[in-house]
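# Results of the structural survey
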Amino acid sequence: MADQTTTTRPTSTTPDGRRIPTVVVDDAHVIYRVHGAGSAGSNTPANALRRLVSRVPSPAVREVHAVKGVSFTAYRGEAIGLIGSNGSGKSTLLRTIAGLLPVNKGAVYTQGQPSLLGVNAALLNDLPGERNVTLGLLAMGLSPEEVRRRAPEIIEFSGINERGDFASLPMRTYSSGMSARLRFAISSAKNHDVLLIDEALATGDRRFRRRSEQRVRELREGAGTVFLVSHQIGTIRETCERTIWLESGVIRADGPTSDVVAQYEEYTSGK
Amino acid sequence: MAHTAVADPDSGLTQAQLAARYGLSFAGARPTLAAYTRQLWTYRHFIAAYANAKVVASFSTARLGRIWQVLTPLTNAAVYYLIFGVILNTQAGIPNFIAYLCVGLFVFNFTSAAASGGVQAISGNLGLIRALHFPRACVPLAVTLTQLQHLITAMVVLVGIVLATGEPITLEWLLVVPAVALQAIFNAGLALGMARLGAKLTDLRQLMPFVLRTWMYGSGVLYSVDKFAENLHNPVLVAVVHANPLLVYIELVRHALLENAPLTSAAPRLWALAAIWALLIGVGGYLYFWRGEQEYGRG
């Protein structure tokens with residue numbers, strides 16, 4: 001007990017040794033609608049007006065049942081890898097946990113507000129990197145003083161200045177790896193209760209990957225939960241001790257990384 | 001952390017009971033209005049920084065850069081003056097037509113840009129909205145703030161035009177400040193409302209140009225709406241034309257800056273209408289946007 005009063009960091013278990021859940025997913029079904037699926041020409045102003053007046057759903061909207069009854073519990077201090085073929089519903093599941101997609105059936109409960117960090121997490125591409133750092137930190141709710149204090153260390157961590165002064169150049173001049181690194185550096189600057197990472201580490205180079213794996217470990221020690229979607233089994237092995245294998249919107253396996261990855265590799269090499 | 005051999009007291013619980021026991025909340029639940037307003041207040045620095053960033057970004061690819069902030073309203077005024085003032089000669093009966101036209105254009109443009117920016121505030125910023133969690137009202141509010149900055153630059157240009165066309169500097173000029181403040185509240189509500197509509201009805205973006213053009217012709221930007229009163233014989237329709245919030249804001253600024261600007265209604269009535277519209281749309285738009293908070297960024 002005395003321990004808890006001296007440290008401000010929340011511990012990952014209750015005093016009587018129970019693990020604290022951070023994400024509880026209960027039989028979640030997600031069906032999302034895709035816009036713009038129709039042929040060209042169905043989006044003219046005249047057609048748009050007709051649809052608004054007649055309230056007929058656009059033919060360009062199609063429904064996709066991406067997650068079909070998923071249940072699991074994630075605990076504090078865990079790093080969970082999500083694997084599966086393309087289109088198996090991994091990214092949809094992450095977006096649902098982040099509260100960005102509604103569940104059509106079932107429920108998702110979370111501790112605090114999960115943050116999703118994805119490849120297309122676009123900031124303002126016309127603005128310099130350093131300005132994007134400021135904006136991103138303010139958007140995460142940091143105060144202006146904190147932002148001023150933290151900004152240099154974030155640019156340093158992202159490593160965008162290693163090849164000259166890129167921080168003052170607009171983000172549209174960055175390579176895809178550089179902007180992914182900057183986005184990761186911004187999102188990971190704050191201790192999140194739940195951090196969801198969607199392929200964001202894949203574009204960085206080896207050195208950055210090592211550094212970001214280190215950062216993911218630190219975030220976990222900050223008693224958060226980290227979800228990582230990746231097609232690079234190596235990254236999953238190094239960062240996650242638990243892995244969920246998703247196939248066609250259904251959980252195929254959930255358990256220690258080494259077991260699940262072995263099953264997954266058997267499945268993919270068999271096809 | 002090794003698993004203890006002791007039986008887990010949580011093992012018998014369903015997922016929902018487990019969530020309730022540890023105080024987990026339903027993902028993406030909507031905060032109460034008071035909590036939402038408090039949250040928004042803590043994000044005021046983000047709103048300001050985002051609005052500034054948008055102003056800078058909108059000119060960053062042009063070689064002349066921020067000079068366009070001044071050039072855009074000037075060029076706009078020049079084009080309309082050429083067509084309506086010189087070629088078609090609509091100025092009949094309106095003293096100082098060029099200043100009259102510029103006030104109408106700049107004030108109208110503030111609302112029209114806020115409305116069309118609002119429509120795209122959510123749908124055009126999905127990347128940001130899906131990546132980071134902040135009260136979504138920040139984006140439409142920042143859109144309004146960006147347009148307010150453009151209006152202030154345009155107002156500086158306007159003062160130059162007004163002085164150049166021989167209007168005297170009077171104390172009445174100060175009335176521009178409350179008029180623009182009321183319009184800014186109106187616009188913020190409008191941008192918030194349009195943002196929620198635009199997030200759902202993706203077709204709205206295509207319709208906006210038509211809606212805004214109709215609104216512009218109905219707001220006496222290029223000519224006096226007295227022409228409508230002459231042709232609409234129904235007194236109800238005339239009252240509707242005169243209650244148009246944009247007409248009200250345009251007339252108030254004209255009244256403040258120009259000596260002999262013709263007014264459609266008496267000044268106190270215009271001020272009352274301006275305040276009512278600001279309150280109605282400002283509060284209404286905010287409530288409407290807040291009620292949809294948990295839906296933004298989805299789908």
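What counts as what
Residues numbered from 1 in each chain as written. Chains lettered and ligands numbered in written order. Predicted model: local features only at pLDDT ≥ 70, side-chain atom pairs only at ≥ 80, totals over all residues. Heavy atoms only, no water. Helix = DSSP H or I, 4+ residues; strand = E, 2+ residues; numbered from the N terminus. Contact = heavy atoms within 4.5 Å. Areas by Shrake-Rupley, 256 points an atom, 1.4 Å probe, with all protein chains shown as cover. Salt bridge = Lys/Arg side-chain N within 4 Å of Asp/Glu carboxyl O. Buried < 20%, exposed > 50% of the residue type's maximum accessible area, 1.4 Å probe, protein only. Patch = residues over 30% accessible without salt bridge, like charges linked within 9 Å, V, L, I, M, F, W, Y side chains within 5 Å. 1 Å grid on protein atoms, 1.4 Å probe; cavity = no way out; pocket = protein on both sides within 12 Å on 5 of 7 lines; lining within 4 Å. Points joined across faces, edges and corners; volume = space filled by probe spheres on them. Polar contact = N/O pair within 3.5 Å; in protein donor to acceptor, adjacent residues only side chain to side chain. Nonpolar A, V, L, I, M, F, W, Y, C, P; charged D, E, K, R; others polar. Pairing = 2+ DSSP bridges. Phe/Tyr/Trp six-rings, centres within 6.5 Å; stacked < 30°, edge-to-face > 60°. Lys NZ or Arg CZ within 6 Å of the ring centre and 35° of its normal. Core = buried A, V, L, I, M, F, W, Y, C linked by side-chain atoms within 4.5 Å. pLDDT = per-residue confidence, 0-100. Axes fitted to C-alpha atoms, helices over the stretch in contact; angles between N-to-C directions. Left-handed = near helix turned anticlockwise from the far one by under 90°.

## Remarks on the overall build of chain A
Scanning chain A for helices and strands turns up nine helices and nine strands. For chain A, long-range pairs separated by at least 24 residues make up 72% of all intrachain contacts whose partners lie at least 6 apart in sequence. Accessible area of chain A: about 12400 Å², with a carbon and sulfur share of 49%.

## Side note on the pattern of salt bridges
All names here are of chain A. The final tally for this structure, using the stated rule, is five salt bridges over all chains. Measuring nitrogen to oxygen at the nearest pair gives 3.3 Å for the salt bridge that ties Lys105 to Asp27. Remark: Asp27 occurs in strand β1 (residues 21-34) and Lys105 occurs in strand β4 (residues 105-110); sequence separation between them is 78 residues. You can call Asp27 partly exposed: its relative accessible area is 30%.

## Section: a nonpolar patch on the surface
Residue and element names in this part refer to chain B. Residues Val79, Leu82, Ile83, Val86, Ile87 and Leu88 make up a contiguous nonpolar surface patch of roughly 550 Å² in combined accessible area. Mapping Leu88 onto the fold places it in the loop between α4 (67-87) and α5 (97-123). Classification of Leu88 by relative accessible area gives exposed; the value is 53%.

## Description of empty space enclosed by the protein
Going through the model one piece at a time under the given rule, you end up with four cavities of 30 Å³ or more. Considering only enclosed or pocket space, the second largest cavity measures out at about 40 Å³ in volume. Lining the second largest cavity, in full, are Leu123, Leu124, Asn132, Leu135, Gly136 and Ala139 of chain A together with Phe46, Tyr50 and Leu128 of chain B. Counting residues per element, the ones that place at least two in the lining of the second largest cavity are α4 (129-139) of chain A together with α3 (44-58) of chain B. Looking at the lining of the second largest cavity element by element, the count peaks at four residues for α4 of chain A.

## Digging into the interface of chain A and chain B
With 54 residues of chain A at the contact, the number on the chain B side is 47 residues. Applying the counting rule to chain A against chain B returns zero salt bridges. Between the two partners, chain A and chain B, sit zero residue pairs in polar contact (both at pLDDT 80 or more). Counting only elements with at least two residues in the side of chain A that touches chain B, the list comes to β1, α2 (45-54), β2 (62-75), α3 (90-97), β4 and α4 of chain A. Looking at the side of chain A that touches chain B residue by residue, the classes come out as 30 nonpolar, 15 polar and nine charged. Here β4 of chain A pairs with strand β1 (residues 25-26) of chain B via two bridges, running antiparallel. In the sheet register, Tyr109 of chain A faces β1 of chain B, and the bridge partner there is Phe26 of chain B.

## A closer look at the environment of Leu13 of chain B
Residue and element names in this part refer to chain B. Relative to the elements of secondary structure, Leu13 occurs in the segment before α1 (15-21). Judged by relative accessible area, Leu13 falls into the partly exposed class, the value being 28%. Not counting residues up to four positions away in its chain, the partners in contact with Leu13 are Leu18 and Arg21.

## Brief notes about the packing of aromatic side chains
Residues and elements named next belong to chain B. Scanning all chains against the criterion turns up ten aromatic pairs over all chains. Taking the centre distance of 6.2 Å and the plane angle of 85 degrees together, the rings of Phe186 and Trp277 count as edge-to-face. Pair noted here: Phe186 is in helix α8 (residues 176-200) and Trp277 is in helix α13 (residues 267-291), with a separation of 91 residues, a long-range link. Here Trp277 falls in the partly exposed class, since its relative accessible area comes to 22%. Seen from the ring of Trp41, Arg44 lies directly overhead, with NZ or CZ sitting 4.3 Å from the centre.

## Digging into the nonpolar core
Residues Leu137 of chain A together with Phe46 and Phe134 of chain B are the most contacted members of the largest nonpolar core, which totals 70 residues. In terms of residue count, the dominant contributor to this core is α3 of chain B (six residues). Setting aside its immediate chain neighbours within four residues, Phe46 of chain B contacts Leu135, Leu138 and Ala139 of chain A together with Leu128, Phe134 and Cys138 of chain B.

## Examining the confidence of the model for chain A
Reading fine detail from the predicted coordinates is not recommended where pLDDT is low. With 80% of its residues at a pLDDT of 70 or more, chain A shows a mean pLDDT of 77. Confidence scores differ between elements of chain A, with helix α1 (residues 2-6) of chain A showing the lowest mean pLDDT of 38 and strand β8 (residues 242-247) of chain A the highest of 90.

## A closer look at the side chain of His242 of chain B
In this structure, His242 of chain B sits in helix α11 (residues 235-243). What His242 of chain B contacts, discounting residues up to four positions off in sequence, is Val225, Leu247, Val248, Thr264, Ser265 and Leu273 of chain B.

## Some points on the pairing of β8 of chain A
Along any regular strand the residues' side chains alternate between the sheet's two faces. Residues and elements named next belong to chain A. For β8, the buried fraction is high: six of the six residues fall into the buried class. Here β8 shows two buried faces, one formed by Arg242, Ile244 and Leu246 and the other by Thr243, Trp245 and Glu247. Summarising the sheet, strand β3 (residues 79-83) and β8 pair through four bridges and their orientation is parallel. The partner of Leu82 across the bridge, within β8, is Ile244. Pairing of β8 with strand β9 (residues 250-256), which is carried by six bridges, proceeds in the antiparallel orientation.

## Focus: the packing of helix α7 (residues 138-164) of chain B against α8 of chain B
Residues and elements named next belong to chain B. It is the contact of α7 with α8, at a shortest axis distance of 9 Å, that shows an interaxial angle of 145 degrees. As for the relative orientation of α7 and α8, their crossing is right-handed in sense. Judged by residue contacts, Pro140, Leu141, Thr144, Leu148, Leu151 and Met155 of α7 engage Val176, Val180, Ala184, Asn187, Ala188, Ala191, Leu192 and Ala195 from α8. Here the contact of α7 with α8 is built from residues that sort into twelve nonpolar, two polar and no charged.

## Topic: the environment of Pro268 of chain B
Residues and elements named next belong to chain B. With respect to the secondary-structure elements, Pro268 resides in helix α13. A relative accessible area of 61% places Pro268 in the exposed class. Along the backbone, Pro268 and Leu252 are 16 residues apart, and their C-alpha atoms lie at a distance of 10.0 Å.

## What about the confidence of the model for chain B?
Residues and elements named next belong to chain B. Averaged over every residue, the pLDDT of chain B is 83; residues scoring 70 or more account for 93%. Put simply, β1 is where chain B has its lowest mean pLDDT, 72, and α8 is where it has its highest, 93. Scored below 50 in pLDDT, residues 1-7 shows two contacts in the model against residues more than four places distant or in partner chains.

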